[in-house]
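Inside the fold
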Amino acid sequence: MAEPKKKGFWEGLFRNKNSATKSKKLEKSHSRRTSEGDVLNSRRRQSEAPPRASRYDVPSSDRRRPRRPDPSAKGKGKGREVSGHNGRSYETGPLTEWPPSGISSKEELSLGPAMQLISRGVPAFKGHKRPIPHVSDHYYALFATAAGNRGDETDAANQHDSMTQLMALRILGSGAATYPWETLEQPSYSFCFGSRPGTITLNHWASMASVLPPSIALRDPGVVPREVDLGRILERLKELERGLEDDDEDLLYKNLYRRFLRDPDKYLSPHRTLDKQITDLIMVLSRPDWIDFTNPRNQVATKFIFDTSPANAATFLKFFHQLLLSAELDQRINSKHHITEAREKLLLQIPPTIQWSMAVARRWRENIRIEDYGAYPDQLHLRLKLKKRQVKMLKRFAQMMKWPNLSETLSQLRQRDADGALDLVSSHAMAFFSGLVLPGPTFPFLIMNALIDIDPDKATDDLALLTHVHPHCGFQYRNSYTYWTAACIVGKVLAPTCRAVAGWVGPARPTVDLGRSQIARIRSRRPPGRRGIEPDDVRSMSERSDPLGPPAQVFPVKEYSLISPASVDGGGGDDLVRIELLSLRPAPAPAAADSGPHWFDASVQFAVDGVSWPLRLVYDVSFVSAWPCSEGPHVLFFDYVFECVRAEELLDMKDWDGGAGDKRGGTRSVSPPHGGGGASRADAKAKSTGDLGRGEPGVDEEKVLVVEAFGVPDNEVLARAWCARWGLSAVVADVGRTCMACAIREAYAATLTVVILVDDGQDKQRDD
């Protein structure tokens, strides 16, 4: 029987040349899928050992893909001996050529040698779809994990170095989350900021396609707590600092029901067990008249207690009453007498409004102590456990941002610290120095507003309206520098020339379009068409980015190429591109916007070989920090198709949509040094089958544009600005950490059509 015609990567997933029967078996095995984004790969063998997992990998109980590495491999590391399918042995190590010495281009590798030569040190991407409690199947959360790169590095920024620890809160347990679905805030800020300035992680990119429900309104259960005064509430909060008296059932019952709740069954069946007390606390906290901390406008919790005047006494009392009941609930759920399995199940079922109220209680318990109290708000005195650390953090933040009024501001910081008055500056400063910070996007504004409020310069009065409710913003201060949030497209684009810390990007170049000290809200649009990741894309991430290609019994050597950037040695427009101007043009405010700071359209003007080129930052695109690989460079399967350009050549390109009808002039289509990936899909298939001219007609719709932005950071800024102009999100890879082949595969995993390659080792301007 004649051999079936070879298909593309996504159309046909079989290549065995032995018989049509084998091809059908392979096609059938490839089509088999499991739910939750786990793909059953027919070529994996159950007897093989798993790859080394990173903190982004899924737990063993969640892994369904059969294990990968070759059991016939002897030894570890460079120079391992691997047995080929024909019984011959050869040494493996970092590849310098393809095929490696001793292997013919006509050979077909069996699974073990193919894994050792092609997949060794390559990150494997996996998507996950998880249900959301209390809502229909129309709502779900999406995540991405990776493993297999044989190292401890990830694509995420270090939370300590980036000062973002308080932006995330683990639902169960303490410390940093191991997996992105473990945090209260979603998407998880433990896995948000990428390791490169102005980037996000692959998980955050996948999470953006989640369909999350709106805030769920609770039904009034009709359960009313006892009326209680402020003094009694604060007295009990201070008692709870020593822990819950869960070893004394009678005392535990009396402290709750005689002081704060009513037991409806106290005569027939008193609620002495933890489960009944937890139920009663959940019922009373379900009343709609409590503060809803799921509402972003309520997530600066200290605004309810910063004002200790009689006019705010009722709100002050309500906050502490809710805080106390939430603390009673949280400590009962986490009691040593509460079975772990029941605790885990319960925490996932508690309504979000109550979970966020418990989050306030946890932050309070971890970071604040009551020194003294009385019957009135102004008699409350607190000890801030984190104050010393937070003072150091704010000082470091100001220094890294090159704050224009640094000396006077640090002097004021020292004075207020000595006076014990840091929490009296503003509600934002009180939240920052106390650590009473809810997870999510509020923290960047708390730290920046704390710095602004402590700065004695009167010019900071013009910066008083920075708020997390409008995150796409920035400001200019003293005509010295501009500062932009990491969520703002201006910050994302300018980040390669700046610092990225605590959710801020700066110090960036000033602009003549803002006043000496002025806030700017930036208008940007959603990328056009289908230029984001979709739920089905997340679930099929593993198979779309497999380094070996489709499932098979043998893997022809000629179907892979060793690729590298053409201009890695000082090329890529090293001396041609310079940023000239940051321009802001007044724009109309959105219909629902408040009457706050002005809105602007942003653009960046570049000088390229003496010619000025402005690029408008039209679309709010994202830049995904590439996962590091190890033991690279790696080879690329022929059906991962790409085209290379230098950064300055982007100016001749009018758009890019994966190769389908892209409008460009003067660009180059680069074939990699060893052939393969730079050609079109049709050419690649023709080469691999030895049948030139029999490939698919037309233009490939799955081509990745690889932008070589080596040299000065302005090249990367140009590439990012071009992406923002045309609405194209991109993977950004430092070739010192991620090889070109792995970056391209991650673009396929994320359904992105642009990869920006940089080399931090060449950047002579980067700050220490």
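For the structure, see preceding data.
Here's what I pulled together on the structure shown here. Keep in mind that what you see is a predicted model, and the values were worked out from it rather than measured.

**Some remarks on the side chain of His 338**
Residue placement: His 338 occurs in the loop between helix H7 (313–333) and helix H8 (340–349). Residues in contact with His 338, not counting those within four places in the same chain, are Leu 274, Ile 278, Arg 332, Ile 333, Arg 343 and Leu 346.

**Some remarks on the state of the cysteines**
Should the sulfur atoms of two cysteines be covalently bonded, the bond is a disulfide. All told, the structure shown has zero disulfides when counted by the stated rule. Free cysteine: Cys 629, not disulfide-bonded; nearest cysteine sulfur from Cys 739 at 3.9 Å.

**Re the pairing of strand S16 (residues 599–608)**
Regular strands show a simple pattern: their side chains alternate between the two faces of the sheet. In terms of burial, S16 is largely enclosed, as nine of its 10 residues are buried. Pairing analysis gives two bridges linking strand S12 (residues 518–522) to S16, with the strands arranged parallel. The residue of S16 that forms the bridge with Arg 521 is Trp 599. In this sheet, strand S17 (residues 611–616) lies alongside S16 in antiparallel orientation, the contact comprising six bridges. Its bridge partner being in S17, Ser 603 is matched across the sheet by Arg 616. Turn length for the S16-S17 hairpin, with the two strands adjacent in sequence and antiparallel, is two residues, and the turn residue Asp 609 shows positive phi of about 55°.

**Thoughts on the packing of H7 against helix H9 (residues 352–367)**
H9 packs onto H7 with a crossing angle of 90° between their chain directions and a minimal axis gap of 8 Å. When the axes of H7 and H9 are compared, the pair comes out roughly perpendicular. Of the residues in H9, those in contact with Phe 319, Phe 320, Gln 322, Leu 323, Ser 326, Ala 327, Leu 329, Asp 330, Gln 331 and Ile 333 of H7 are Ile 354, Ser 357, Met 358, Val 360, Ala 361, Arg 362, Trp 364 and Arg 365. Broken down by class, the residue content of the contact of H7 with H9 amounts to 11 nonpolar, four polar and three charged.

Rules and cut-offs
- Residues numbered from 1 in each chain as written.
- Predicted model: local features only at pLDDT ≥ 70, side-chain atom pairs only at ≥ 80, totals over all residues.
- Heavy atoms only, no water.
- Helix = DSSP H or I, 4+ residues; strand = E, 2+ residues; numbered from the N terminus.
- Contact = heavy atoms within 4.5 Å.
- Disulfide = S-S within 2.5 Å.
- Buried < 20%, exposed > 50% of the residue type's maximum accessible area, 1.4 Å probe, protein only.
- Pairing = 2+ DSSP bridges.
- Axes fitted to C-alpha atoms, helices over the stretch in contact; angles between N-to-C directions.
- Parallel < 35°, antiparallel > 145°, perpendicular 65-115°, else oblique.
- Nonpolar A, V, L, I, M, F, W, Y, C, P; charged D, E, K, R; others polar.

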